[in-house]
Amino acid sequence: MIRVRGLTKRFDGTAVLDGIDLDIADGERVVVIGPSGTGKSTLLRCLNFLDRPNAGTIEIGDVSVDAAKATKRDILALRRATSFVFQNYALFANKTAKENIMEALVTVHDRPRDEAERRALEVLGETGLAEKADSYPAALSGGQQQRVGIGRAMAIGADLMLFDEPTSALDPEWVGEVLDLMRRVAEQRQTMLIVTHEMQFAREIADRVVFMEGGRIVEEGPPQEVLEAPRDERLRRFLRRVS
Amino acid sequence: MRALDLDYMLGLVPVILGYVPLTLFMAVVAMACALVLASLLAVERVVRVPGLDWLVVLFISFFRGTPLLVQLFLFYYGLPQVIGFLTQINGVTAAIMGLTLHFSAYMAEAIRAAITGVDRSQWEAAQSIGMTQGQMMRRIVLPQAARIAAPTLVNYFIDMIKGTSLAFTLGVTEMMGATQKEASGSFLYFEAFLVVAILYWIIVETLNQGQKQLETHLNKAYAR
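The model shown is predicted, which means the values in this text are computed figures rather than measured ones. (Residues numbered from 1 in each chain as written. Chains lettered and ligands numbered in written order. Predicted model: local features only at pLDDT ≥ 70, side-chain atom pairs only at ≥ 80, totals over all residues. Heavy atoms only, no water.)

### Quick look at the overall build of chain B
And step 1. The helix and strand inventory of chain B stands at nine helices and zero strands.
And step 2. Counting helices and strands in the order they occur from the N terminus, chain B gives α-α-α-α-α-α-α-α-α.
And step 3. Over its C-alpha atoms, taken along the principal directions, chain B stretches across nearly 70 × 50 × 25 Å.
And step 4. The buried share of chain B, reckoned over its 224 residues, is 44%.
And step 5. Taking all contacts inside chain B whose residues are at least 6 apart in sequence as the whole, residues at least 24 apart take part in 77%.
And step 6. Within chain B, the 13 negative side-chain charges are centred at a point lying 12 Å from the centre of the 14 positive side-chain charges. (Helix = DSSP H or I, 4+ residues; strand = E, 2+ residues; numbered from the N terminus. Buried < 20%, exposed > 50% of the residue type's maximum accessible area, 1.4 Å probe, protein only. Contact = heavy atoms within 4.5 Å. Lys, Arg positive; Asp, Glu negative; His and termini not counted. Charge placed at Lys NZ, Arg CZ, Asp CG, Glu CD.)

### A word on the pairing of strand 3 (residues 29-33) of chain A
Residues and elements named next belong to chain A.
And step 1. Judged by how many residues are buried, strand 3 sits mostly within the fold: five of five residues are covered.
And step 2. Here strand 3 shows a buried face lined by R29, V31 and I33 and a second buried face lined by V30 and V32.
And step 3. Bridge analysis of strand 3 against strand 8 (residues 192-195) gives four bridges, and the strand direction is parallel. Looking at the pairing, V31 lines up with I194 of strand 8.
And step 4. In this sheet, strand 9 (residues 208-213) lies alongside strand 3 in parallel orientation, the contact comprising four bridges. By the bridge assignment, V32 is partnered in strand 9 with V210. (Pairing = 2+ DSSP bridges.)

### Observations regarding the environment of V172 of chain B
Residue and element names in this part refer to chain B.
And step 1. When you line up the elements, V172 lands in the loop between helix 7 (133-163) and helix 8 (175-186).
And step 2. Relative accessible area serves as the criterion here: at 7%, V172 is assigned to the buried category.
And step 3. In this structure, the C-alpha to C-alpha distance between V172 and V92, residues 80 residues apart in sequence, is 6.3 Å.
And step 4. The contacts of V172, once residues within four sequence positions are left out, are L22, M26, G91, V92, A167 and G177.

### Quick notes on the UniProt feature "domain: ABC transporter" (unreviewed entry) in chain A
And step 1. This chain's UniProt record puts "domain: ABC transporter" (unreviewed entry) on residues 2-239 of chain A.
And step 2. Along residues 2-239 of chain A one finds 39% helix and 26% strand; the C-alpha atoms at either end are 28 Å apart. (UniProt positions renumbered as here; feature names shortened; annotations may be inferred.)

### Looking at the environment of Y8 of chain B
Residues and elements named next belong to chain B.
And step 1. In this fold, Y8 is placed in helix 1 (residues 6-17).
And step 2. Here Y8 falls in the buried class, since its relative accessible area comes to 17%.
And step 3. Sequence spacing of Y8 and V195 is 187 residues, and the spatial spacing of their C-alpha atoms is 9.9 Å.
And step 4. In contact with Y8, not counting residues within four places along its chain, are E182, A183, S186, L188, E191 and A192.

### Quick notes on the side chain of E124 of chain B
And step 1. Mapped onto the elements, E124 of chain B comes out in helix 6 (residues 120-128).
And step 2. What makes E124 of chain B buried here is its relative accessible area of 15%.
And step 3. In contact with E124 of chain B, other than residues within four places in its own chain, are R45, L50 and F86 of chain A.

### Some thoughts on the confidence of the model for chain B
And step 1. For chain B, per-residue confidence averages 91 on the pLDDT scale, and residues scoring 70 or more make up 99% of the total.
And step 2. Within chain B, helix 4 (residues 68-82) of chain B has the poorest average pLDDT of any element, 88, and helix 6 of chain B the best, 96. (pLDDT = per-residue confidence, 0-100.)

### Section: the interface of chain B and chain A
And step 1. Residue-level contacts link 21 residues of chain B with 24 residues of chain A.
And step 2. Approximately 2100 Å² of surface area, both sides summed, lies buried where chain B meets chain A, with 57% of it carried by carbon and sulfur atoms.
And step 3. Three residues stand out in chain B for area buried against chain A, namely S128, I129 and R139 of chain B, and they jointly supply 28% of the buried area on that side.
And step 4. Counting across the interface, chain B meets chain A through two salt bridges.
And step 5. For E124 of chain B, the salt bridge is made with R45 of chain A, and the minimal N-O distance between the two is 2.6 Å.
And step 6. The interface formed by chain B and chain A includes nine residue pairs in polar contact (both at pLDDT 80 or more).
And step 7. Elements represented by at least two residues in the side of chain B that touches chain A include exactly helix 6 and helix 7 of chain B.
And step 8. Top element by residues in the side of chain B that touches chain A is helix 6 of chain B. It accounts for seven residues. (Buried area = accessible area lost by both parts, 1.4 Å probe. Salt bridge = Lys/Arg side-chain N within 4 Å of Asp/Glu carboxyl O. Polar contact = N/O pair within 3.5 Å; in protein donor to acceptor, adjacent residues only side chain to side chain.)

### Digging into the UniProt feature "transmembrane region" (unreviewed entry) in chain B
Residues and elements named next belong to chain B.
And step 1. Following the UniProt record, the feature "transmembrane region" (unreviewed entry) maps to residues 20-43, 55-77, 83-103 and 186-204 here.
And step 2. In residues 55-77, the share of helix is 91% and the share of strand is 0%. The end C-alpha atoms are 25 Å apart.
And step 3. Between the end C-alpha atoms of residues 186-204 the distance is 27 Å, and the span holds 89% helix and 0% strand.

### Describing the pattern of salt bridges
And step 1. Following the criterion strictly, the structure yields 30 salt bridges over all chains and no others.
And step 2. With a shortest N-O distance of 3.0 Å, R45 of chain A and D51 of chain A are connected by a salt bridge. Each member of the pair R45 of chain A and D51 of chain A is classed as buried.
And step 3. Between R45 of chain B and D53 of chain B there is a salt bridge; the shortest N-O distance is 3.2 Å. There is no split in this pair, since R45 of chain B and D53 of chain B are both buried.

### Thoughts on the packing of aromatic side chains
And step 1. Taken as a whole and judged by the stated rule, the model has nine aromatic pairs over all chains.
And step 2. Centroid distance F211 of chain A to F238 of chain A: 5.5 Å. Interplanar angle 40°. Geometry classified as tilted. Taken together, the residues span a long stretch of sequence, with F211 of chain A in strand 9 and F238 of chain A in helix 9 (residues 233-242) at a distance of 27 residues. Taken individually, F211 of chain A and F238 of chain A each receive the classification buried, so the pair is uniform in this respect.
And step 3. When the ring of Y106 of chain B is compared with that of Y156 of chain B, the centres are 5.8 Å apart and the planes differ by 45°; the resulting orientation is tilted. Of the two residues, Y106 of chain B sits in helix 5 (residues 91-117) while Y156 of chain B sits in helix 7, which places them 50 residues apart along the sequence.
And step 4. Judged by its relative accessible area of 24%, Y106 of chain B falls in the partly exposed class. (Phe/Tyr/Trp six-rings, centres within 6.5 Å; stacked < 30°, edge-to-face > 60°.)

Have a look at this one:
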């Protein structure tokens, strides 16, 4: 169970997140949509303190953090309960595909190397990249890098997987394979919070779609309601623009 | 103008070669110590530990701002007058200490620049999986910074090998000291210093070849 209350983030006095309340059930797949610059990415980045929120509380599993007085230990606990897929993949450039996936298991979660290696190879198999285990990121295509990025996030079995526009930086030819992999992750009933502009994908896999504008959640609900029968005028305008 | 005494020069080569191990020993030990110290200084400059930062800035400023020879004299001849236990220190140790401190100040700046050159996304990825600051530095940032800094650091190592010749002013008989002694016996100064110059040159050129291999090795992960 994830419970977010009053999450607020200001950059230079401007509220980019303006008191976000959000509950996500275990196994629920939530897609966040909205115009650019409305705080979607900031919401994800505040949930694991890549950006430090100014106020609000975050509960993920048995970790509970008050943003105003979060300690180093709180922040590490929150990051270890979540995993993050970056728009620009952000694979560790000095590590192979396999080592990228092993890194969190060995260094952060203290698993034995051989166990971590088995898990990494298993995950690489699921991402369809078993033969790329010993390749460095620079030798992989954008789509392959992002699949390893998703594998890295899958491997630790986090309570919540965060996806920050995972296909936005990809050449169109690689988008399909990355969405396919995300579909497979979704089928395993992994709790996911996804920021994306892929409306068709949102329609297919989301249990709930959240529309954000101006740092607030304006409308939310099942995809058929939010995407097919939008109530808010701003949402209707947004959907006309993207479809 | 007289002809070079080639026989004398050839005879001198094995004599000076005998002191190459001591020269390299001082350079290698000082380089190893300087790398560790410089990395610590560089990490401090990047994360800015409150209360420590000004000290590090002062250290780097002093050791970059004064000549190596002055620093060596200060260590070997000066400090023992003020600090008692340093009277036990021999020339080799003093030279290694001086070279370490002097070059760590330069190398800290090179490593600091390399650390800030590591892409921001690498830091964020390390943070996102819940690494501590130390784990992030050790496992992700410093290894990538090492690749960026390597050519500069090898240059400092070359400077350091040449810098060990100053140890002869502390009474250490290394390559330069040995040459000086030989020359003052034979009065064939030109021949003697030409031989030692060529030997330094060969050592440095060998290292330059090694640098190319090191770069190929470090770039392995980044080849498309």
